[in-house]
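# Commentary on secondary and tertiary structure
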Amino acid sequence: MAEGGLERGARPVEAGRLRALPPYLFEELARLRDEKAAAGVQVADLSIGDPDLGAPPAAVEALRKYAGDKRLHRYTPAWAVEEFKRAAAAYMRGRYGVDLDPGVEITPVIGTKEGIANLSLALVDPGALALVPDPGYPVYARSVGFAGGRVRFMSLDQSRDFLPDLDAFAGERPRLMFLNYPNNPTSAVAGRRFYARAVEFGLETGACIVSDAAYNEITFDGYASPSILQVEGAMEVAVEFHSFSKTYGVPGWRVGFAAGRRDAICALKTIKSNIDSGVPGMILLAARDMLEGAAGHIAESLGEYAARRALLRAALDRAGIAWHESPATLYLWARVPGGMKSMDFARLLLDRAGVMVAPGVGFGAGGEGYFRLSITCPRDDIAAAGQRLEEVSTAWKT
Ligand SMILES: *Cc1c(COP(=O)(O)O)cnc(C)c1O
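One structure accompanies this document, and this report is about it.

Cut-offs used in this document
- Residues numbered from 1 in each chain as written.
- Predicted model: local features only at pLDDT ≥ 70, side-chain atom pairs only at ≥ 80, totals over all residues.
- Heavy atoms only, no water.
- Pairing = 2+ DSSP bridges.
- Helix = DSSP H or I, 4+ residues; strand = E, 2+ residues; numbered from the N terminus.
- Contact = heavy atoms within 4.5 Å.
- Axes fitted to C-alpha atoms, helices over the stretch in contact; angles between N-to-C directions.
- Buried < 20%, exposed > 50% of the residue type's maximum accessible area, 1.4 Å probe, protein only.
- Polar contact = N/O pair within 3.5 Å; in protein donor to acceptor, adjacent residues only side chain to side chain.
- Near = heavy atom within 4 Å.
- Areas by Shrake-Rupley, 256 points an atom, 1.4 Å probe, with all protein chains shown as cover.
- Expected span 1.5 Å × (residues − 1).
- Left-handed = near helix turned anticlockwise from the far one by under 90°.
- Nonpolar A, V, L, I, M, F, W, Y, C, P; charged D, E, K, R; others polar.
- Phe/Tyr/Trp six-rings, centres within 6.5 Å; stacked < 30°, edge-to-face > 60°.
- Salt bridge = Lys/Arg side-chain N within 4 Å of Asp/Glu carboxyl O.

Across the sheet, 3 strands lie side by side as E9-E12-E11; this open sheet has antiparallel pairing. Either end of the sheet is taken by a strand with one partner, and the two such strands are strand E9 (331–335) and strand E11 (358–359). Examined bridge by bridge, E9 and strand E12 (residues 370–374) share 5 bridges and lie antiparallel to one another. Its bridge partner being in E12, Ala334 is matched across the sheet by Phe371. Sitting on the sheet, helix H12 (residues 295–318) touches E9 and E12, and the angle it makes with E9 is about 10°.

Topologically, Ser374 is positioned in strand E12. Ser374 gets classed as buried once you look at its relative accessible area, which sits at 1%. Within the structure, Ser374 has its side chain in polar contact with the backbone oxygen of Ile48 (distance 2.8 Å). Once residues within four sequence positions are removed from consideration, Ser374 is found in contact with Leu46, Ile48, Gly49, Leu312, Leu330 and Tyr331.

Around the ligand, the structure places 14 residues, and the nearest of them are Asp212, Tyr215, Ser245, Lys246 and Arg254. Asn184 places a polar side-chain atom, nitrogen or oxygen, 2.8 Å from an oxygen atom of the ligand. With respect to the ligand, the side chain of Tyr215 contributes an N or O atom lying 2.6 Å from an oxygen atom. Expressed as a share of its isolated accessible area of 390 Å², the protein-covered part of the ligand is 94%.

Our next topic: helix H7 (residues 192–205). Its 14 residues give H7 an end-to-end C-alpha distance of 20 Å, which sits within 8% of 20 Å, the value for a rise of 1.5 Å per residue. Among the residues of H7, Phe194, Tyr195, Arg197, Ala198, Val199, Phe201, Gly202 and Thr205 are the ones counted as buried. Where the residues of H7 are buried, they touch strand E3 (129–134), strand E5 (176–179), strand E6 (208–212) and helix H8 (234–237). Backbone geometry just downstream of H7 places Gly206 in the positive-phi region, at approximately 85°.

This part takes up the sheet that holds strand E8 (residues 256–260). Two orientations exist for strands paired in a sheet by backbone hydrogen bonds: parallel and antiparallel. Taken in spatial order, the 7 strands make up an open sheet running E2-E8-E7-E6-E5-E3-E4, and their pairing is mixed. Of all strands in the sheet, those with a lone pairing partner are strand E2 (106–109) and strand E4 (150–155), marking the two edges. Across the sheet, the mean angle from the axis of one strand to that of its neighbour is 20°, orientation sign disregarded. Across 5 bridges, strand E7 (residues 238–243) lies against E8 in antiparallel orientation. If you follow Phe241 over to E8, its bridge partner there is Ala258. Sheet strands touched by helix H4 (residues 78–96): E2, E7 and E8. Its angle to E2, the strand with the most contacts, is close to 115°.

As a further point, take the packing of helix H5 (residues 112–123) against helix H6 (residues 139–146). Following both chains from N to C, one finds H5 and H6 inclined at 35°, their axes separated by 8 Å at the closest point. Here H5 and H6 pass one another in a crossing that is right-handed. The residues of H6 that touch H5, namely those facing Lys113, Ile116, Ala117, Ser120 and Leu121, are Val139, Tyr140, Ser143, Val144 and Phe146. Class assignment for the residues of the contact of H5 with H6 results in 7 nonpolar, 2 polar and 1 charged.

What follows deals with the packing of aromatic side chains. Throughout the structure, instances matching the rule amount to 15 aromatic pairs. Cluster of aromatic residues (ring-pair linked, three or more members): Phe26, Phe162, Trp333, Phe363 and Tyr370.

This brings us to the pattern of salt bridges. Going through the model one piece at a time under the given rule, you end up with 28 salt bridges. Note that Glu325 and Arg313 form a salt bridge whose closest N and O atoms lie 3.3 Å from each other. Placement of the pair is Glu325 in the loop between H12 and E9 and Arg313 in helix H12, with a sequence separation of 12 residues. You can call Arg313 buried: its relative accessible area is 13%. Measuring nitrogen to oxygen at the nearest pair gives 2.8 Å for the salt bridge that ties Arg347 to Asp344. Here Asp344 and Arg347 lie together in helix H13 (residues 342–353), a separation of 3 residues that amounts to about one turn. With a relative accessible area of 39%, Asp344 lands in the partly exposed category. Within the structure, one salt-bridge network assembled from shared partners comprises Asp52, Glu304, Arg308 and Arg379.

As C-alpha cells, this is what we get:
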C-alpha cells in the first residue's frame, strides 16, 4: 500500500463516503472459517444465502442459444428489453392480478441490489430522510448514505411480527421507505393489511415506498406472498423489486426488474442510463423465457428447500434453540441461547462446532440476540451441521 511513495492514510485514496462505512462484521468470521478449514476442519457454512441449486436446465439451453446470436453481442438491443418487460408485465398480471404498462412502469435491473442502490441515488437528495428496516439488508442504508441522505432505522421487533410501527414515523417527511417481505434476515412475511397501511403512509407523508420482493416466490406450506402493488393506490407511491436470483437460483446471472410508480421508474432509468448499459441481452431473453416457462423448476427447488428447512428446524429443536416460525425465505432466524452476544455465539459455533452462521448484529443493532441460518447448502451439510450443533449444545443447555 505504501508503494509508489505515498503513505497509506496520509492521503487516503478513497472518498469520505467509503471511509464512513461501518466495519464489515462478517470479515472476522470469514477469517476464522478459513483458519479452521486450513487446520482440516470441515466447516459447514450456513451464513450466506447463495442459491446452490442452479438454473432451470431449459434456461441454460436458451442462454447457449442466445449466446450464438450476434445481435445480442452488441449493446443490449431495445427489442430485447421490450420483450423482457412484456414478459415481466404478464407475470405481474398472472401472479398478482396487477396491470402494468411495460413502457413506463417496468424497467430491468442488473440484479435488485444494483436497482436498489441506484434508486437511492435517483430519489434521495443530500440531507433527505430515508426509513430503513433494522435489522435489514445492508444495501438500503449504504445506498442512502452514498446519496448523502439521512437514515432513520425502523426497528423490526418480534413482538410486532417483525413489521415496522409506521405510526411512529407519521410526523416525518421521508423521501423513501424500504420494506422487504418476505424478510431477510428475519424470514417474516407481510400481509395485504400491512401493505395497505404502508401505501396509506406513502400517500400521507409523500414517501416513495420501495418494496424489495426478492423472496416473494420462496414460500412454503401453501403460502403465497402478496405484492404491495395489489393495494389500491399503490401505483401512486410504491416501487417493487423482483429478483431472479432466489426465485430461479441464478444469483450470478444478475437480473431482476423494478415495477410500479412511473415517476420513480423514470428517475431510476435516468440514473441507470448514466451509469450502466443494462442487463446483457442474452441474459434478458433467457430471463424472459424463465418467466414464461420455469414454474416447474421453482416448485422442484422449493421441494428441496422445504426438506432442508425441516432438517434444520429439527436440529435446532434438539439443540434447544428457538427459531421464528415463517412460511418463507431461505433462512431461519433463531434466538441466540444463554444470553450471549450474537457475535460471540457465532464465534463459539465456528470454533467448537465448525458451523458458520450469520450473527444478527451484522444486519444492524436490531439483530442483536439473534442469528441467521441459511438453507442454500446440501442436505448432508445441513444434517452434519445439525449434529454438531446438538453436540455443543451442552454449552448453553442448563
Ligand atoms: C438476495 C437478496 C436480493 C437479491 O439481490 P440480487 O441483486 O437480485 O441478486 C435482494 N434483496 C434482498 C433482501 C436479498 O436478500
